[in-house]
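# Tertiary structure, described
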Amino acid sequence: MKPSLPEALQIDLRRINRDIENIIRYDKDVPRTSVLARSVLQLIRSGGKRLRPVLVIAGSRFGSAEPGRRSYQLAAAAEFIHAASLIHDDIIDRSELRRGAPSLHTQTGVTAAVHIGNYMSARVVELLSGYTSNHERFVHDLSALATAQLCLGEYEQLQHAYDYDLSLEQYLEKTRRKTAQLMAACLRVGALSADAKPETAAMLYRFGEALGMAFQIEDDILDYSATAEALGKPAGSDLARGQVTLPVLYALEDPDLGPCIRSIQPGSPAADIDAVLAAIRRGDALERSDLMRRQYLREALLAVEPLRSHPAYGQLEVLHRYFGGKTA
Ligand code: FPP
Ligand code: MG
């Protein structure tokens, strides 16, 4: 059987999961049996690929020390930020399913879920500031940079819903903020937490950013090409919610299809949305989006070319294959 990503990288997934759960288990202000603690634990245990913690640990292998307690704490913090953002994302997107199971707000109600997401992101920033000493300012990468950029990325996405004049640059900037910068920061903080050289950490940042761009573009393509079963949520929901992703930007260039896409507005009948979805799938927009995705995968490898002789370079090859899928 094909090894999982943590197995291929020889990363102790159980330790990562334990550290993530410990954030809530040992929170002195939250009783273990409270709805809050149980909801967070349920969310964390509901699955997820743990990509961000894996990136932290892979980054730490570029340091002079074996990944220690600090690297694992940072890995857990990265997943906590990501999980908090998904609670809010599902509320904003009105997504009732996450990882094939009912999303948190459908169980707790929207107001409680907003509070749970707020608590998780605030607590993690507090924890991260506790890990920081004067010469370890890099942990701010995760707390300040990543969380603010995530919120800004989501805000841009909201502002541009049904905005069919969105430019490619605006789409790429939003994608960078929403997805790529957190992945990039994970590799960088991992490296710096294990005393890697700043130049090495900077290269890993660029590698992670390019992989993150490829990852989000793939997510945007899959919304058109995958089945609801494979996605764990309804397919085609981006278009229905007015999300102008890369496939839509390319499809808008088609003189016949462009006006049909522009006619999709809040409350458009499902039949109209389905017809546009089918037309986008038939055209070349998904293929062109995939070309852009592969371009980012090539960029990722170029960014770490100087690290080829590093003993941990194999970690990057594994990550690259994983993010690249079969077609890279
Ligand atoms: C998934 O996008 C969502 C994100 C990558 C980021 C969401 C960020 C926020 C809602 C800001 C709030 C942040 C904090 C820390 C509370 P998607 O909808 O394209 O992917 P999906 O298919 O997984 O839903
Ligand atoms: Mg979403």
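Residues numbered from 1 in each chain as written. Chains lettered and ligands numbered in written order. Predicted model: local features only at pLDDT ≥ 70, side-chain atom pairs only at ≥ 80, totals over all residues. Heavy atoms only, no water.

## With respect to the overall build of the protein
A count of helices and strands for the protein gives 17 helices and two strands. Taken over the C-alpha trace, the protein has a radius of gyration of 20 Å; the compact-globule value for 328 residues is 20 Å, and the two agree within 12%. Taken along its principal axes, the extent of the C-alpha atoms in the protein is 60 × 50 × 40 Å. Residues counted as buried form 53% of the 328 residues belonging to the protein. (Helix = DSSP H or I, 4+ residues; strand = E, 2+ residues; numbered from the N terminus. Rg over C-alpha atoms; globule rule 2.2 N^0.38 Å. Buried < 20%, exposed > 50% of the residue type's maximum accessible area, 1.4 Å probe, protein only.)

## Some remarks on the layout of surface pockets
Taken as a whole, the largest pocket holds about 1300 Å³ of empty space. In the lining of the largest pocket, the residues fall into 16 nonpolar, 15 polar and 19 charged. (1 Å grid on protein atoms, 1.4 Å probe; cavity = no way out; pocket = protein on both sides within 12 Å on 5 of 7 lines; lining within 4 Å. Points joined across faces, edges and corners; volume = space filled by probe spheres on them. Nonpolar A, V, L, I, M, F, W, Y, C, P; charged D, E, K, R; others polar.)

## A closer look at empty space enclosed by the protein
The full count for this structure, using the stated rule, is one cavity of 30 Å³ or more. By volume, the largest cavity is sized at about 60 Å³. E156, Q157, H160, L166, Q170, K174, Q243 and V244 together form the lining of the largest cavity. Looking at the lining of the largest cavity, the elements that each hand over two or more residues are helix 8 (140–159) and helix 9 (168–193). Here the residues of the lining of the largest cavity sort into two nonpolar, four polar and two charged.

## Quick notes on the site of ligand 1
If you check the shell around ligand 1, you find 15 residues, and the closest are D89, D93, R98, K178 and K233. In the model, an oxygen atom of ligand 1 is placed 2.8 Å from a nitrogen or oxygen of the R98 side chain. Considered on its own, ligand 1 offers 640 Å² of accessible surface; in the complex 90% of this is hidden by protein. Broken down by element, the shell around ligand 1 gets its largest block of residues, four residues, from helix 5 (residues 69–92). Of the residues contributing to the shell around ligand 1, the split by class is three nonpolar, five polar and seven charged. (Near = heavy atom within 4 Å. Polar contact = N/O pair within 3.5 Å; in protein donor to acceptor, adjacent residues only side chain to side chain. Areas by Shrake-Rupley, 256 points an atom, 1.4 Å probe, with all protein chains shown as cover.)

## Considering the pattern of salt bridges
Counted according to the given criterion, the structure contains 19 salt bridges. The shortest N-O distance in the salt bridge between E21 and R45 comes to 3.0 Å. You can see E21 sitting in helix 2 (residues 13–25) and its partner R45 sitting in helix 3 (residues 35–45), a full 24 residues away along the chain. The buried category is assigned to E21, whose relative accessible area is 11%. Looking at R45, the relative accessible area reads 51%, which means it is exposed. When the shortest N-O distance is used, the salt bridge between R98 and D89 registers 3.4 Å. One network of salt bridges, in which partners are shared, links D27, K28, D29, R123 and E126. (Salt bridge = Lys/Arg side-chain N within 4 Å of Asp/Glu carboxyl O.)

## Let's talk about helix 10 (residues 198–225)
Given 3.6 residues per helical turn, the α-helix brings residues three or four places apart onto the same face. The terminal C-alpha atoms of helix 10, which comprises 28 residues, lie 40 Å apart, in line with the 40 Å expected from a rise of 1.5 Å per residue. Burial analysis of helix 10 places 20 of its 28 residues in the buried class, the great majority of the element. (Expected span 1.5 Å × (residues − 1).)

## Side note on the nonpolar core
Counting 100 residues, the largest nonpolar core has M120, L142, I261, I280, L316 and L319 as the members making the most contacts within it. Apart from residues no more than four positions distant in its own chain, L142 is found in contact with L74, A78, I81, L128, T147, L182, A185, C186 and V189. (Core = buried A, V, L, I, M, F, W, Y, C linked by side-chain atoms within 4.5 Å. Contact = heavy atoms within 4.5 Å.)

## Notes on a negative patch on the surface
A cluster of acidic residues, D254, D256, D284 and E287, forms a negative patch at the surface. Along the chain, the position of D254 falls in the loop between helix 13 (246–251) and helix 14 (257–262). (Patch = residues over 30% accessible without salt bridge, like charges linked within 9 Å, V, L, I, M, F, W, Y side chains within 5 Å. Lys, Arg positive; Asp, Glu negative; His and termini not counted. Charge placed at Lys NZ, Arg CZ, Asp CG, Glu CD.)

## Digging into the coordination of the magnesium ion (ligand 2)
Distances from the magnesium ion (ligand 2) to its protein donors, D89 (OD) and D93 (OD), fall within 2.0 to 2.1 Å. Both residues of the pair, D89 and D93, belong to the buried class. (Donors = N, O, S within 2.8 Å, 3.2 Å for Na, K, Ca; no water.)

## Some details on the packing of aromatic side chains
According to the stated counting rule, one finds two aromatic pairs in the structure shown. Ring plane angle 75 degrees and centroid distance 5.8 Å describe the contact between Y322 and F323, whose orientation is recorded as edge-to-face. Residue classification places Y322 among the partly exposed residues on the basis of a relative accessible area of 35%. Put simply, the rings of F215, Y322 and F323 touch in pairs and so form one group of aromatic residues. (Phe/Tyr/Trp six-rings, centres within 6.5 Å; stacked < 30°, edge-to-face > 60°.)

## A word on the environment of D223
By the secondary structure assignment, D223 is in helix 10. Setting aside anything within four residues of it in sequence, one finds D223 in contact with L231, P234, A235, G236, S237, D238, L239 and R281.

## Some details on the side chain of S103
Residue position: S103 is located in the loop between strand 2 (101–102) and helix 6 (104–108). For S103, the side chain forms a polar contact with the main-chain oxygen of S95, separated by 2.6 Å. Excluding residues within four positions of it along the chain, S103 makes contact with D90, S95, E96, L97 and R98.

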